[in-house]
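# Chains, contacts and geometry: an overview
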Amino acid sequence: MNESVITLENLSIGYNGQPVLSGLTLSIFRGSFNAILGANGSGKTTLLKTLLGLLQPVAGRIDTASVDARLTFGYVPQSYQFDPVYLLTGFDVALMGVYGRIRPGHFIPPFERTFTHECLNAAGAEDFSHKRFAELSGGQKQRVLIARALTTRPDILVLDEPTAGVDREATAAVMDFISQICKEKKITVLLVTHDFSAVRHYAEKVIWLHEGKVFYEAADELLSAERMAKIFELGMG
Amino acid sequence: METIQQILSFDFLLRNSLYTSVLVGFACPLVGVFLVMRRLVFMGVALPQISSTGVAIALSLPLWIGFKLTEFGSHSAHALAFVGSITFSLTAILVLAFLERRGRGQAEGRLGSAYVVAAALSILLLSKNPYGEIGWLDMLKGEVIAISNFDLLLTAVTLALVLAVLGLFHKELLLVSFDRDMATILGKKVIFWDVLLYLLIGLTVSMAVLSVGPLIAFGFLLIPALTAHLYAHNMRQFTLLASLIGGATAFFGFWIAYRWDLPVGPMDVVLLGVLYATGWLVAKLLPIVLCHIQKT
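What counts, and at which threshold
Residues numbered from 1 in each chain as written. Chains lettered and ligands numbered in written order. Predicted model: local features only at pLDDT ≥ 70, side-chain atom pairs only at ≥ 80, totals over all residues. Heavy atoms only, no water. Helix = DSSP H or I, 4+ residues; strand = E, 2+ residues; numbered from the N terminus. Rg over C-alpha atoms; globule rule 2.2 N^0.38 Å. Contact = heavy atoms within 4.5 Å. Pairing = 2+ DSSP bridges. Axes fitted to C-alpha atoms, helices over the stretch in contact; angles between N-to-C directions. Core = buried A, V, L, I, M, F, W, Y, C linked by side-chain atoms within 4.5 Å. Buried < 20%, exposed > 50% of the residue type's maximum accessible area, 1.4 Å probe, protein only. Buried area = accessible area lost by both parts, 1.4 Å probe. Salt bridge = Lys/Arg side-chain N within 4 Å of Asp/Glu carboxyl O. Polar contact = N/O pair within 3.5 Å; in protein donor to acceptor, adjacent residues only side chain to side chain. Parallel < 35°, antiparallel > 145°, perpendicular 65-115°, else oblique. Left-handed = near helix turned anticlockwise from the far one by under 90°. Nonpolar A, V, L, I, M, F, W, Y, C, P; charged D, E, K, R; others polar. pLDDT = per-residue confidence, 0-100. Expected span 1.5 Å × (residues − 1). Arc of directions from axis to C-beta.

This part is about the overall build of chain A. Tallying secondary structure elements over chain A gives 8 helices and 9 strands in all. Against the globule reference of 18 Å for 237 residues, chain A gives a C-alpha radius of gyration of 18 Å, in line with a compact fold. Along the three orthogonal principal directions, the C-alpha set of chain A runs to about 60 × 40 × 35 Å. By sequence separation, contacts in chain A at least 24 residues apart represent 69% of the contacts at least 6 residues apart.

Residues and elements named next belong to chain A. Sheet architecture is open: 6 strands sit in the order β5-β6-β7-β3-β8-β9, paired in mixed fashion. Of all strands in the sheet, those with a lone pairing partner are β5 (73-76) and β9 (213-218), marking the two edges. Direction aside, neighbouring strands of the sheet carry axes that sit 15 degrees apart on average. Pairing of strand β6 (residues 156-160) with strand β7 (residues 188-193) involves 5 bridges; the strand directions are parallel. Its bridge partner being in β7, Leu157 is matched across the sheet by Val189. Seen against the sheet, helix α4 (residues 138-151) touches β5 and β6 and runs at an angle of roughly 165 degrees to β5.

Within the largest apolar cluster, 127 residues are counted, with the highest numbers of intra-cluster contacts made by A:Ile178, A:Val206, B:Ile201 and B:Phe238. Element by element, the count of residues in this core is highest for helix α2 (residues 15-37) of chain B, at 13 residues. Counting 25 residues, the second largest nonpolar core, distinct from the first, contains A:Ile28, A:Phe73, A:Leu190 and A:Ile207.

Here we take up the interface of chain A and chain B. With 30 residues of chain A at the contact, the number on the chain B side is 28 residues. Roughly 2,600 Å² of surface becomes buried between chain A and chain B when both sides are summed, with 67% attributable to carbon and sulfur atoms. Of all residues in chain A, the largest losses of buried area upon contact with chain B belong to A:Tyr86, A:Leu87 and A:Tyr99, amounting jointly to 27% of the total for that side. Applying the counting rule to chain A against chain B returns 2 salt bridges. For A:Asp83, the salt bridge goes to B:Arg39, with nearest N and O atoms at 2.6 Å. One can count 9 residue pairs in polar contact (both at pLDDT 80 or more) joining chain A with chain B.

The topology assignment puts B:Ser60 in helix α3 (residues 41-64). A distance of 2.8 Å separates the side chain of B:Ser60 from the backbone oxygen of B:Ala56, its partner in a polar contact.

Further remarks concern the packing of α2(B) against helix α11 (residues 214-231) of chain B. Pairs of packed helices are described in terms of their axes, by the angle between the two and the distance that separates them. Residues and elements named next belong to chain B. Viewed as axis vectors pointing N to C, α2 and α11 meet at an angle of 70 degrees, and their least axial separation amounts to 7 Å. Classified by the interaxial angle, the pair formed by α2 and α11 is roughly perpendicular. In this structure, α2 meets α11 at a crossing whose hand is right-handed. Residues Val24, Gly25, Cys28, Pro29, Val31, Gly32, Val33, Leu35 and Val36 of α2 form the contact with α11, whose participating residues are Phe220, Leu221, Leu222, Pro224, Ala225 and Leu226. In the contact of α2 with α11, the residues fall into 13 nonpolar, 2 polar and no charged.

Attention shifts here to the pattern of salt bridges. Any two side chains of opposite charge can pair, on the condition that their charged atoms come close. Applying the stated criterion to the full structure yields 9 salt bridges over all chains. The salt bridge partner of A:Glu112 is A:Arg101, with a shortest N-O separation of 2.9 Å. Of this pair, A:Glu112 sits in helix α3 (residues 110-122) while A:Arg101 sits in the loop between α2 (90-95) and α3, and the two are 11 residues apart along the sequence. The network of salt bridges with shared partners includes B:Arg38, B:Arg180 and B:Asp194.

What follows is about the confidence of the model for chain A. Per-residue confidence for chain A averages 85 on the pLDDT scale, and 95% of its residues sit at or above 70. Confidence, read as mean pLDDT per element, is least for helix α8 (residues 225-236) of chain A in chain A (69) and greatest for α2(A) (96).

Residue and element names in this part refer to chain B. An ideal rise of 1.5 Å per residue puts 30 Å on 21 residues; helix α5 (residues 107-127) measures up with 30 Å between its terminal C-alpha atoms. For α5, the set of buried residues is Ala107, Leu111, Ala118, Ala119, Ser122, Leu125 and Leu126. For α5, the angular spread of buried residues about the axis comes to 135 degrees, placing them on one side. Away from the buried face of α5 by more than 90 degrees, exposed residues Val117, Ile123, Leu124 and Ser127 are located.

Attention now goes to the pairing of strand β8 (residues 205-210) of chain A. All names here are of chain A. With 5 of 6 residues buried, β8 lies mostly within the body of the structure. Two elements, strand β3 (residues 33-38) and β8, share 5 bridges in a ladder whose sense is parallel. Considered in β8, the bridge of Leu37 is made with Trp208. Taken together, the 6 bridges between β8 and β9 define a ladder with antiparallel strand orientation. If you follow His210 over to β9, its bridge partner there is Lys213. Counted along the chain from β8 to the antiparallel partner β9, the turn is 2 residues long, and its residue Glu211 has a positive phi close to 50 degrees.

See the structure below:
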C-alpha cells in the first residue's frame with residue numbers, strides 16, 4: 001500500500017516558463033484515492049496537466065515508479081469540453097481508450113471491443129452507450145468518460161472535476177463508483193475538484209492548493225475544522 | 001434518359017470531364033468532413049482560392065522571365081500548374097493551421113483576408129496574361145471541359161490516396177481531432193497526425209482546383225459534409241453519406257448542365273446548395289410534422 005507511484009521533487013508548474021506554483025514535493029501511493037482541492041486559479045488543472053505530460057514542468061522532477069514501461073494514465077476530462085459536431089456514440093468515445101495499444105494502420109481487434117463493452121458495463125454506461133455522446137446528460141457523459149479511462153487499463157485514474165454540472169444524486173453515484181474501482185482494481189486515483197463536500201468521505205489523502213502553498217495530508221486531518229482554521233489564519237496572515 | 005445514356009457511353013466526347021467531376025465529388029467531401037468537424041469551414045473557402053492563385057503565379061512565371069507558355073508544351077505547363085497549386089495549398093494550410101492552433105488574433109479575419117487577396121491577385125495576373133483569357137477564366141468559372149487524361153489520372157490517384165490514408169489512419173485522425181489531450185496522453189504524435197491531415201486536405205484541394213477550378217472545390221469540400229451532418233448518426237455514415245452526396249451531385253449536375261447547355265461548375269454548386277437547403281428544411285420540419293400527426 002505504501003509503495004510510491006509518483007514522486008514530485010521540488011516541482012514548479014506553470015505556463016511559458018512562468019511558475020504558477022512552486023516547491024511541490026510529495027509522494028502519491030499506489031492504490032490510494034487522492035483529491036486535489038483548491039479555489040479557481042489555484043493551479044489544480046495546471047498540476048494535473050503537468051502530471052499527465054500535457055505541460056512541461058517549469059523546474060524540478062516527476063519520478064514514476066514504473067520500471068518496465070511508462071505509467072498509463074486514464075484521463076477523465078470535463079465532459080462539456082467536447083464539441084457536439086462529432087457524431088460519436090458513447091461506445092465510440094469509450095473505444096478511444098484502446099487506441100493507445102493499437103499501432104497506426106491496424107484495425108481494432110474484436111477482443112478490445114468486447115473489453116470496451118465490459119468497461120462501459122462496469123461504469124454503468126452500457127445501457128446508453130449506443131446513443132450520441134453529445135446528447136447524453138452530464139452524469140451519463142461522465143460515466144462514458146470513466147469507461148474510456150478504464151479501457152486504457154490505467155495505473156492511475158485522473159479525473160478533472162468529474163462532478164461539475166452533475167446533480168447531487170449523480171455526484172454521489174459517480175463518487176461511489178470511483179471509490180469502488182479504486183479499491184477493487186487497486187488503481188491510484190487523482191481527482192481534481194473545488195467541492196470539498198463531494199470528496200471528503202472518499203479521499204484518503206488531499207492535496208490542497210491554497211494561496212501558493214501546498215498541503216498534502218490525510219483527508220480527515222486536513223479537512224478537520226481546527227486544521228482548516230489554522231490554514232486560513234496562515235493565509236490571512 | 002437519352003442524355004444519360006449518351007454521357008455514360010464510352011465514346012462520349014466529354015467523358016474525362018464527367019469522370020473527373022464525379023471523382024472530385026467523391027474525394028473532396030472525404031476531407032471536407034474534417035474541416036467541418038474541426039470548425040475550419042472558412043479554411044475550406046479560402047484554400048481553393050489560394051490554390052488557384054498558386055496556379056496563376058506558376059503559369060505567369062515563364063512569362064515574367066521571357067518565355068511563352070506554348071514553348072513548354074501542355075504537359076510542362078500542367079506540371080507547372082500542379083507545382084504552383086500544391087505549393088500554395090500546402091503552405092497556406094500549414095501556416096493558417098499553425099496560427100489557428102496558437103489561437104491568437106481573429107481566425108475568420110485572417111481567412112477572409114487571405115481569400116479576398118488571393119482572388120484579387122488571380123484576377124490581376126489573369127489580366128496580364130494572354131493564356132489566361134483562354135484557360136484560367138474557364139477554370140475560375142468552373143467550366144469542366146478540357147480535362148486531359150493526365151488530369152483524370154491525377155484525380156483518380158489522389159482519390160485513391162485520400163481513401164487509403166483515411167481508411168488506414170482514421171482512428172488516429174479522429175482521436176487527434178476530437179480530443180488532443182487524450183491523444184497526447186496515449187502517446188500519439190499529435191503534430192504528426194495534424195500535419196498528415198493538413199497535407200491530405202491540401203493535396204485534395206490542389207487536385208480539385210487544378211482539375212475543376214476553385215468554385216467546384218469550394219462547393220464539394222463543404223456542402224456535402226454539411227448536408228450529410230443533418231442525417232448521419234455516426235462517423236462512418238457521415239463520411240460515406242458526404243462522399244455519396246458529392247459524387248451523385250457531380251453526376252446529376254453534369255447531366256443537367258450538358259442537357260441544357262449550362263456551365264458544369266456553377267450547376268454542381270447550385271445543385272448542392274438546393275440539396276442542402278432542402279435537407280435542412282426537411283430535417284427541421286419533419287419532426288414537427290410527425291409530432292403534429294401523432295397528436296391528431
